[in-house]
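Descriptive structure summary
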Amino acid sequence: ELLDGPSRADLRGDLQMHSDWSDGKTTVAAMVQACLARGYHYAAMTDHAHGLPSAHGLSVADLARQRVEIDQVNHALGDRFCLLAGVEANIGPDGSLDLDAEALRSVDLVVAAAHAGLRLPGDQTARMIAAVRTPGVHILGHPRGRQRGNRLGIAADWDAVFAAAAESGVAMEIDGAPARQDLDYGIASRALDAGCVFALDSDAHSPEELGYADIAIAHARLAGIPADRVINCWPLGRLLEWLGGAREGLT
């Protein structure tokens, strides 16, 4: 039986990747060239914010400096490609982010992700709902924080989290990194039923790892997610309009 859902040709860009500004292995320009080689029209550079020092997270001033470099890349490429200035903000124990409203407003795209408390047995539903209800957040990155052979990830009422995300217009990420595969197709189908949209990302830290997006595509197909529910299958204009909608409420 053939699976429906997005194909590699449908994916127009990658919305979580990292450069040597934080814990990636190469330059912004090298990552963009690798995106062009995959036929992408756009991507988001989402280096870590300062709340994750183990990943050399960026201060607000660092983000501003990186924006200058991103603007230069975009100027050089013209209409061939659009690199969005993004950030992977860290979700604290109470669901708050390590960036304030002004900092969130300074970037084009915000991936919020938890990097601590991933082995706790207690329920963290409130933490994750608080994160997806934060104005300015676009994507909940690798939502459970699970890693194969390492940790099971966050315990929560995920159906409640998905409902809150759908209401807030926050996309659920399917992170294709082999150890993550988070959300996987089983739980992603529940997010689909809740009305969520999705981002299919590689979480690449090097050009070669951009291929991890293919694993995310496979999970989306297994979950029966239509391409129209995947924000990085959308044309750039539609994506930018959607990103702008999350700015409402940021003061």
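Residues numbered from 1 in each chain as written. Predicted model: local features only at pLDDT ≥ 70, side-chain atom pairs only at ≥ 80, totals over all residues. Heavy atoms only, no water.

1. As for unusual backbone geometry
Heads up, the condition is: Secondary structure follows DSSP: runs of H or I at least 4 residues long count as helices, runs of E at least 2 residues long count as strands, and numbering of each begins at the N terminus.
A cis amide bond links Asp-182 to the next residue, Leu-183, at an omega of 5°. The topology assignment puts Leu-183 in the loop between strand S6 (171-175) and helix H6 (185-193). Phi angles above zero are rare outside glycine, and His-142 is one such case at about 20°. The topology assignment puts His-142 in the loop between strand S5 (139-140) and helix H5 (158-168).

2. Remarks on H6
Selection rule: Buried means the residue's accessible area, taken with a 1.4 Å probe over protein chains only, is under 20% of the maximum for its type, while exposed means over 50%, and partly exposed covers the values in between. Comment: arc refers to directions from the helix axis out to C-beta atoms. In this description, contact between two residues means that some pair of their heavy atoms is separated by no more than 4.5 Å.
Regarding H6, the residues found buried are Ile-187, Ala-188, Ala-191 and Leu-192. In an axial view of H6, the angular spread of the buried residues amounts to 155°, which keeps them on one side of the axis. Residues of H6 that are buried in the fold lie against H5, S6, strand S7 (198-201) and helix H7 (213-223).

3. Comments concerning the sheet that holds S5
Using the following cut-off: Here, any two strands with at least 2 DSSP bridges between them count as paired.
Taken in spatial order, the seven strands of this open sheet run S1-S2-S3-S4-S5-S6-S7, and their pairing is parallel. Only two strands of the sheet have a single partner each, and these edge strands are strand S1 (13-14) and S7. Here four bridges tie strand S2 (residues 42-45) to strand S3 (residues 82-90), and the two strands are oriented parallel to one another. In the sheet register, Met-45 faces S3, and the bridge partner there is Ala-85.

4. Overview of the pattern of salt bridges
Close approach of charged atoms allows side chains with opposite charge to pair. Here is the rule we go by: Here, a salt bridge means any Lys or Arg side-chain nitrogen found within 4 Å of an Asp or Glu carboxyl oxygen.
Inspection of every chain in the model, using the stated rule, returns 10 salt bridges. Ionic pairing is found between Arg-38 and Asp-214, a salt bridge with its closest N-O pair at 3.0 Å. Linking Arg-38 in the loop between helix H1 (28-37) and S2 with Asp-214 in helix H7, this pair joins segments that are 176 residues apart in sequence. Residue classification places Asp-214 among the partly exposed residues on the basis of a relative accessible area of 30%. Where Arg-144 meets Asp-184, a salt bridge forms, and the shortest distance between an N and an O atom there is 2.5 Å. With Arg-144 in the loop between S5 and H5 and Asp-184 in the loop between S6 and H6, the pair connects residues that are 40 residues apart, well separated along the chain. On the basis of relative accessible area, Arg-144 is assigned to the buried category, the value being 13%. Note on Asp-184: relative accessible area 15%, which makes it buried. Three or more residues are tied together by salt bridges with common partners; here these are Arg-144, Arg-146, Asp-182 and Asp-184.

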